[in-house]
Amino acid sequence: MEYNHKEIERRWQEYWRDNEIYKVTEDPSRKKFYVLDMFPYPSGAGLHVGHPLGYIASDIYARYKRQQGFNVLHPMGYDAYGLPAEQYAIQTGQHPEKTTSENVARYRSQLDKIGFSFDWSREVRTCDPEYYKWTQWTFMKMFGSYYDRALDKAMPIADLERHFAEHGSEGINAACGKELSFTAEEWNALPEKERAERLMNYRIAYLGESMVNWCPGLGTVLANDEVSEGVSVRGGFPVEQKVMKQWCLRVSAYAQRLLDGLDRLEWSDSLKETQRNWIGRSEGAEMRFPVAGQDFSLEIFTTRADTIFGVTFMVLAPESKYVPMLTSPGQKEAVGAYLEEVRHKTERERQIEKKVSGVWTGSYAVNPLTGQEIPVWISDYVLAGYGTGAIMAVPAHDSRDYAFARHFNLPIIPLIEGADVSEESFDAKEGKMINSRGPVLDLNGLEVREAIARTKKFIEEEDLGKVKVNYRLRDAIFSRQRYWGEPFPVYYEDGTAKLLPETSLPLRLPPVASYKPTPDGQPPLGNAENWTTPEGFPLEVCTMPGFAGSSAYYLRYMDPHNSEAFVSREANEYWRDVDLYVGGAEHATGHLIYSRFWNKFLHDIGAVAEDEPFRKLVNQGMIQGRSSFVYRIMNSNTFVSHGLRGDYDTTPIRVDISLVNNDVLDTEAFRGWRPEYADAEFILEDGRYVCGHAVEKMSKSMYNVVNPDDIVERYGADTLRLYEMFLGPVEQSKPWDTNGIDGVNRFLKKLWGLFEKTDLESDTEMSREESKTVNKLIKKVTSDIEQFSFNTSISAFMIAVNELTSQKSTNRRAMETVTRLTAPFAPHIAEEFWHRLGNDGSVADAEWPAVDESALVEDTVKYPVSFNGKTRFTIEVAASADKAEVESLALSNPAAAKWLDGKAPRKVIVVPGRIVNVVI
RNA sequence: GCGCGUGUGGCGUAAUUGGUAGCCGCGCCAGACUUAGGAUCUGGUGACGAGAGUCGUGUAGGUUCGAGUCCUAUCACGCGCACCA
């Protein structure tokens with residue numbers, strides 16, 4: 001009988017569904033293993049072959065772990081809030097919920113065809129009220145917490161309030177927007193509204209005024225990772241800078257823990273490095289420069305405390321709070337004009353221009369080490385959001401300061417021996433200090449490193465400032481002026497934000513007449529009727545961003561139907577964390593940071609057991625498209641084959657890849673593709689029309705999208721699964737190329753043929769040869785799966801099947817073992833074999849075979865014999881032979897004489913089981 | 001600019017982790033069965049050479065009995081961050 005993938009796959013997919021084969025329950029008597037995929041956003045375009053790559057890899061691993069006896073949690077769900085469904089709603093008036101559930105249904109049917117072992121009873125959707133109830137709940141907990149730096153964890157805000165009432169701000173070490181200082185008496189005398197405002201300064205979810213990426217095209221603010229080169233990642237609309245009152249999450253409070261946690265994770269070095277980069281820890285000093293003629297100081301942050309003797313001016317960010325304090329009456333007009341100019345520039349324009357600009361404030365600061373007066377300038381190359389928004393400029397040793405100094409003719413003092421600063425600054429942190437002797441501190445002759453340490457110590461001792469660590473990581477903006485997202489459980493009373501009672505959760509997303517902003521510029525929820533509390537207080541009209549629902553979905557899978565808690569203590573203590581997480585590296589600075597933050601917060605408040613959510617992470621590569629081209633001869637309707645196109649003047653034209661097989665064009669189908677090609681003529685090579693190709697992003701407009709459904713239809717899910725893995729290492733990006741799929745399909749047919757020859761009636765021992773083949777396979781496949789190297793394990797299968805075929809094997813036991821090994825990779829065909837072999841239950845529960853090492857022991861060992869490193873011949877030696885015997889057999893071999901050339905060897909190296917090398 | 005990563009046949013890749021470079025697959029060549037092949041099976045396939053053999057893992061050095069693997073320099077490509085003081 002032929003291998004009929006359609007019938008086999010339909011039969012076993014039904015069997016798995018009807019018998020709930022992949023449903024899992026908590027079972028404390030068994031060890032757990034949690035395998036997770038990044039859940040998809042169900043877009044209207046459906047799945048293309050790139051999406052399942054990671055899912056197939058994780059499915060293989062999940063099935064393997066299950067066969068090893070682990071209780072495996074392997075769920076799937078949908079990241080259902082997203083801009084495309086909302087844009088579609090704005091255009092058509094169709095509720096995004098409807099669009100989303102249609103897309104979900106399509107995704108589900110596509111996924112089902114590939115034969116994944118997902119437990120669909122645990123499916124979550126972020127837009128489901130039973131799910132987003134807990135997103136809102138977490139927000140409430142964040143609103144009700146502050147970050148205690150001394151305890152290094154989130155604590156209830158009520159503790160802080162109590163402290164304020166008893167001791168004022170004295171002794172508080174909490175993460176906050178700005179440092180506040182007040183006494184208990186002052187606090188107790190404050191009106192409630194004022195107290196609420198001060199508490200807001202400490203909450204982990206807080207309402208803050210911040211500079212945001214405002215996208216007028218989308219009518220919402222965007223996170224930094226949603227903006228690229230000044231335009232929105234989705235839609236490509238221009239983005240501008242704007243100050244707005246927004247909900248924010250105090251992610252920055254967790255910067256150090258997010259950094260430290262990386263060391264304990266099995267993630268790729270490059271991904272960890274990307275996160276370290278994003279967190280951007282830098283150690284330096286915060287120093288005070290007294291302002292000449294005033295009674296306050298300018299605070300600056302620097303990592304180069306050693307360069308203090310080279311400070312020739314100071315620079316403030318245009319948005320700095322110091323600007324109004326330092327602008328002299330004479331410079332007021334100039335400063336005002338500059339600020340106006342900067343305000344109208346978007347971040348993009350500032351970046352593109354890269355033009356040096358700035359203005360003098362009219363004030364001077366005093367260098368605390370030299371007493372020298374130095375001018376204070378304003379320039380947009382200093383960022384308000386980093387450090388203190390003010391710097392000490394050392395043009396000799398900082399390229400930005402250098403450019404500024406050159407432009408405005410400010411002095412440049414070199415501080416490092418041998419540094420030539422006539423053309424450019426010397427930024428490297430190496431060399432011996434010069435010109436660095438003052439009345440109270442002498443750095444001359446020290447190495448830069450020593451000088452930094454020396455200065456820091458001096459600053460602390462003399463109380464000129466303090467040693468400080470700064471992070472690049474900013475707080476996450478948590479408001480979106482959109483409809484399709486989680487509503488905030490927040491209302492406003494007299495302009496003060498307050499939480500709804502927990503019992504009102506979930507706060508459901510209301511219907512709206514229009515998905516566009518209201519005429520007066522309010523977000524779409526402003527269109528909702530009765531969007532108030534029962535008492536009539538207005539509810540928040542912003543919604544939460546996409547990452548709100550995706551930050552903790554892995555926890556909900558543990559206990560998806562619990563209406564009392566996000567996840568029960570029992571379920572959480574059993575499943576704990578994700579053992580293997582598979583997904584794209586593009587989430588490195590978004591989802592993977594937010595999730596870790598979110599989890600750490602939940603850990604702090606005692607809601608989850610583990611501090612880090614994803615123990616091991618594998619980033620699958622991207623599958624690119626492989627576009628095909630035909631070559632039309634200029635001014636004709638004649639197309640020339642790829643290899644012959646050099647003889648003509650041609651234009652390449654993209655052709656739909658469904659008309660192309662192994663780079664050969666189906667010319668008839670091409671004529672029928674477009675009316676203008678109906679009478680196309682072809683110049684063939686070797687009787688065929690060969691297309692050219694290029695690797696590009698997989699997209700509709702390039703006619704290179706491959707739908708997995710088509711592959712499944714033609715070759716079957718098992719072939720698709722094997723082929724996606726066979727393409728190369730999972731982590732690597734590669735173009736989709738169907739040219740090799742026949743080889744993989746051929747392997748399955750051979751496997752099928754091998755099974756058909758198997759003698760199902762007998763139960764004899766395997767021959768020595770069969771046993772060797774089978775055990776070699778077990779060993780190789782087991783170690784490959786552990787290392788996530790699936791392409792090599794598929795090669796091993798091909799070798800084994802070829803060997804068994806040439807051994808004319810009909811042995812039932814051999815086939816039975818091969819079936820167990822095949823199950824994670826090609827579950828449908830394995831299930832078919834499993835049942836034909838007479839087993840009950842699913843092959844998914846078939847025990848993973850162990851290696852019989854004795855089958856792999858060889859009687860003899862072949863040694864390549866090398867002379868001075870070049871292999872000359874091979875000897876076969878009894879496996880029991882020791883080094884000396886191997887050596888003497890090698891040297892006494894007749895072939896050795898030729899290479900020894902009458903000389904005695906200087907040295908002979910024998911590596912047992914490997915090689916003999918004779919040094920002459 | 002800074003950081004990370006990758007360079008192996010015509011192509012995708014592999015190499016027991018320092019021990020016979022090129023496994024497996026595609027493609028190609030030859031053959032078998034065929035009226036036919038976008039089917040199946042068998043054999044061959046890094047380059048040069050008639051051959052013995054020589055060369056060969058981006059390039060140039062180094063360490064080693066032995067290097068695709070380790071070290072140094074350099075080039076190319078890819079990714080990430082980017083006025084972060």
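Here, residues in each chain are numbered from 1, in the same order as that chain's written sequence. Chains and ligands are labelled by the order in which they are written, letters from A for the one and numbers from 1 for the other. At least 70 in pLDDT is required for a residue's local features to be given in this predicted model, at least 80 for side-chain atom pairs to be given and counted, and no such filter applies to totals for whole chains, interfaces and linings, which use all residues. Only hydrogens and water are set aside when side-chain values are computed; all heavy atoms of the structure are taken into account.

1. Some words on the overall build of chain A
Reasoning step 1: Counting its secondary structure elements, chain A contains 29 helices and 33 strands.
Reasoning step 2: With the principal axes as the frame, chain A shows a C-alpha extent of 100 × 85 × 75 Å.
Reasoning step 3: In chain A, which comprises 920 residues, the proportion classed as buried is 53%.
Reasoning step 4: Taking the intrachain contacts of chain A between residues at least 6 apart in sequence as the baseline, contacts between residues at least 24 apart amount to 70%.
Reasoning step 5: Surface exposure of chain A reaches about 41700 Å², of which carbon and sulfur atoms provide 48%.
Reasoning step 6: Counted charges follow a simple rule, with Lys and Arg positive, Asp and Glu negative, and His plus the chain ends left uncounted. Charged side chains are reduced to one point each, which is NZ for Lys, CZ for Arg, CG for Asp and CD for Glu. With 106 positive and 135 negative side-chain charges, chain A shows a spacing of 3 Å between the two charge centroids. Numbering of helices and strands runs from the N terminus; a helix is a DSSP stretch of H or I covering at least four residues, while a strand is a stretch of E covering at least two. The cut-offs for exposure are 20% and 50% of the maximum accessible area for each residue type, with area from a 1.4 Å probe on protein chains only; residues under the lower value are buried, those over the upper are exposed, and the others partly exposed. Should any heavy atoms of two residues lie within 4.5 Å, those residues are counted as being in contact. Note on areas: Shrake-Rupley with a 1.4 Å probe; residue coverage comes only from the protein chains shown.

2. Things to note about helix H26 (residues 812–822)
Reasoning step 1: When you tally the buried positions in H26, you get 10 out of 11 residues, the bulk of the element.
Reasoning step 2: What H26 keeps buried is the set Arg812, Ala814, Met815, Glu816, Thr817, Val818, Thr819, Arg820, Leu821 and Thr822.
Reasoning step 3: Here a polar contact is recorded for every N or O atom pair within 3.5 Å, except that within protein the pair must consist of a potential hydrogen donor and a potential acceptor, and residues adjacent in sequence are included only if both atoms are side-chain atoms. Residue Asn811 occupies the N-cap position of H26, its side-chain oxygen lying 2.8 Å from the main-chain nitrogen of Arg813.

3. Things to note about the sheet that holds strand E30 (residues 860–867)
Reasoning step 1: Strands sit in the order E31-E30-E33-E32 across an open sheet of 4 strands; the sheet is mixed. Edge strands, defined here as strands with exactly one partner in the open sheet, are strand E31 (870–878) and strand E32 (907–911). Averaged over all adjacent pairs, the angle separating strand axes in this sheet is 20 degrees, with direction ignored. The criterion for strand pairing is that DSSP finds at least two bridges linking the strands in question. Between the N-to-C directions of two axes lies an angle of 0 to 180 degrees, each axis being a line fitted to C-alpha atoms and, for a helix, fitted only over the stretch in contact.

4. Looking at the sheet that holds strand E10 (residues 282–290)
Reasoning step 1: As summarised here, the arrangement of the 3 strands in space is E11-E10-E16, forming an open sheet in which the pairing is antiparallel. Among the strands making up the open sheet, the edge pair consists of strand E11 (297–302) and strand E16 (465–470). Across the sheet, the axes of successive neighbouring strands diverge by a mean angle of 30 degrees, strand direction being ignored.
Reasoning step 2: As paired elements, E10 and E11 share 6 bridges and run antiparallel to each other. Within E11, the position partnered with Ala285 by the bridge is Thr302.
Reasoning step 3: Where helix H15 (residues 448–461) meets the sheet, it contacts E10 and E16, and its direction lies at approximately 125 degrees from that of E16.

5. Quick word on the protein's contact with RNA strand B
Reasoning step 1: The full set close to RNA strand B counts 49 residues, and Thr303, Arg400, Leu727, Arg746 and Asn917 are the nearest of them.
Reasoning step 2: The near set for a molecule or strand comprises every residue that places at least one heavy atom within 4 Å of it. The protein-proximal atoms of RNA strand B, defined as those within 4 Å of the protein, are 64% sugar or phosphate.
Reasoning step 3: Take Tyr381: an N or O atom from its main chain is 2.8 Å from a sugar or linking oxygen of RNA strand B.
Reasoning step 4: One of the backbone N or O atoms of Asn739 is found 3.1 Å from a sugar or linking oxygen in RNA strand B.

6. A word on the packing of helix H22 (residues 717–726) against helix H25 (residues 790–806)
Reasoning step 1: At a minimum axis separation of 7 Å, H22 and H25 run at an interaxial angle of 120 degrees. It follows that H22 is oblique to H25 by the angle criterion. Only Phe790, Asn791, Ile794, Ser795 and Met798 of H25 make contact with H22, whose side of the interface consists of Leu722, Met725 and Phe726.
Reasoning step 2: Of the residues assigned to the contact of H22 with H25, the class counts are 6 nonpolar, 2 polar and no charged. An angle below 35 degrees is treated as roughly parallel, one above 145 as roughly antiparallel, one from 65 to 115 as roughly perpendicular, and anything else as oblique. Put simply, Ala, Val, Leu, Ile, Met, Phe, Trp, Tyr, Cys and Pro go in the nonpolar bin, Asp, Glu, Lys and Arg in the charged bin, and everything else, Gly too, in the polar bin.

7. A few points about the pattern of salt bridges
Reasoning step 1: Note on definitions: salt bridges are taken to be side-chain nitrogens of Lys or Arg within 4 Å of carboxyl oxygens of Asp or Glu. For the coordinates displayed, the defined rule picks out 51 salt bridges.
Reasoning step 2: Close ionic contact of Glu858 with Lys772 constitutes a salt bridge, the shortest N to O distance being 3.3 Å. Placement of the pair is Glu858 in the loop between helix H27 (827–836) and E30 and Lys772 in helix H24 (residues 768–786), with a sequence separation of 86 residues.
Reasoning step 3: We classify Lys772 as partly exposed; its relative accessible area is 29%.
Reasoning step 4: With a shortest N-O distance of 3.1 Å, Lys776 and Glu803 are connected by a salt bridge.

8. Focus on the side chain of Lys272
Reasoning step 1: Note on placement: Lys272 falls in helix H10 (residues 269–279).
Reasoning step 2: Buried charge Lys272 goes without a salt bridge, the closest partner of opposite sign being Asp269 at 5.0 Å.
Reasoning step 3: A polar side-chain atom of Lys272 sits 3.3 Å from the main-chain carbonyl oxygen of Leu262.

9. A closer look at the packing of aromatic side chains
Reasoning step 1: Each pair of aromatic rings taken from Phe, Tyr and Trp, with Trp reduced to its six-membered ring, is defined by centres within 6.5 Å and is described as stacked if the planes are under 30 degrees apart, edge-to-face if over 60, and tilted in the remaining cases. Per the stated rule, a full pass over the model turns up 64 aromatic pairs.
Reasoning step 2: Here Tyr491 and Phe537 contribute two aromatic rings whose centre-to-centre distance is 5.7 Å and whose plane-to-plane angle is 20 degrees, an arrangement assigned as stacked. Taken as a pair, Tyr491 in strand E18 (residues 490–493) and Phe537 in the loop between strand E19 (496–499) and helix H16 (546–550) lie far apart in primary sequence, 46 residues in all.
Reasoning step 3: Owing to a relative accessible area of 13%, Tyr491 belongs among the buried residues under this scheme.
Reasoning step 4: Ring pairing ties together the aromatic residues Phe33, Tyr61, Tyr64, Phe70, Phe747, Phe788, Phe790, Phe797, Phe825 and Trp848, which thus form one cluster.
Reasoning step 5: The cationic tip of Arg250 hangs over the ring face of Tyr206; the distance from NZ or CZ to the ring centre is 4.0 Å.
Reasoning step 6: Think of it as a cone above the ring: NZ of Lys or CZ of Arg counts as a charge over the ring if it is within 6 Å of the ring centre and within 35 degrees of the ring normal. Sitting over the face of the ring of Trp278, Arg472 holds its NZ or CZ atom 4.5 Å from the ring centroid.

10. Section: the side chain of Thr100
Reasoning step 1: Assignment of secondary structure puts Thr100 in helix H4 (residues 96–112).
Reasoning step 2: According to the relative accessible area criterion, Thr100 is buried, its value standing at 5%.
Reasoning step 3: For Thr100, the residues in contact, after removing those within four places along its chain, are Pro42, Ala80, Ala85 and Trp484.

11. Quick notes on the environment of His591
Reasoning step 1: Inspection of the secondary structure puts His591 in helix H19 (residues 591–604).
Reasoning step 2: Taking relative accessible area as the criterion, His591 reaches 10% and is therefore assigned buried.
Reasoning step 3: Along the chain, His591 and Met38 lie 553 residues apart, while their C-alpha atoms are 9.8 Å from each other.
Reasoning step 4: Contacts of His591, omitting those with residues within four sequence positions, involve Met38, Ser550, Tyr553, Tyr581 and Phe614.
Reasoning step 5: Reaching out from His591, the side chain makes a polar contact with the side chain of Tyr581 at a distance of 2.7 Å.

12. Some remarks on the nonpolar core
Generally speaking, soluble globular proteins have nonpolar side chains that are buried together.
Reasoning step 1: Among buried residues, the Ala, Val, Leu, Ile, Met, Phe, Trp, Tyr and Cys ones that are joined through side-chain atoms within 4.5 Å form a nonpolar core. Of all hydrophobic cores here, the largest spans 158 residues; its most connected members are Trp247, Leu249 and Phe478.
Reasoning step 2: Sequence-distant contacts of Phe478, that is, excluding residues within four places in its chain, are made with Phe139, Trp247, Cys248, Leu249, Phe488, Thr543, Met544, Pro545, Phe547, Ala548 and Trp598.
Reasoning step 3: Val323, Tyr338, Ala365 and Ile378 belong to the second-largest nonpolar core, a separate cluster that totals 41 residues.

13. Some remarks on the environment of Val886
Reasoning step 1: For Val886, the position within the fold is in helix H28 (residues 883–892).
Reasoning step 2: Measuring from C-alpha to C-alpha, the distance between Val886 and Val910 comes to 7.5 Å, with 24 residues separating the pair along the chain.
Reasoning step 3: Excluding residues that lie within four positions of it along the chain, Val886 makes contacts with Tyr863, Ile875, Val877, Ala881, Val910 and Val916.

14. Section: the environment of Asp401
Reasoning step 1: Along the polypeptide, Asp401 turns up in helix H14 (residues 399–408).
Reasoning step 2: Between the alpha carbons of Asp401 and Met314 there is a distance of 9.5 Å; along the sequence they are 87 residues apart.
Reasoning step 3: Here Asp401 is in contact with Phe313, Tyr381, Ile391, Met392, Ala393, Val394 and Pro395, once residues within four sequence places are set aside.

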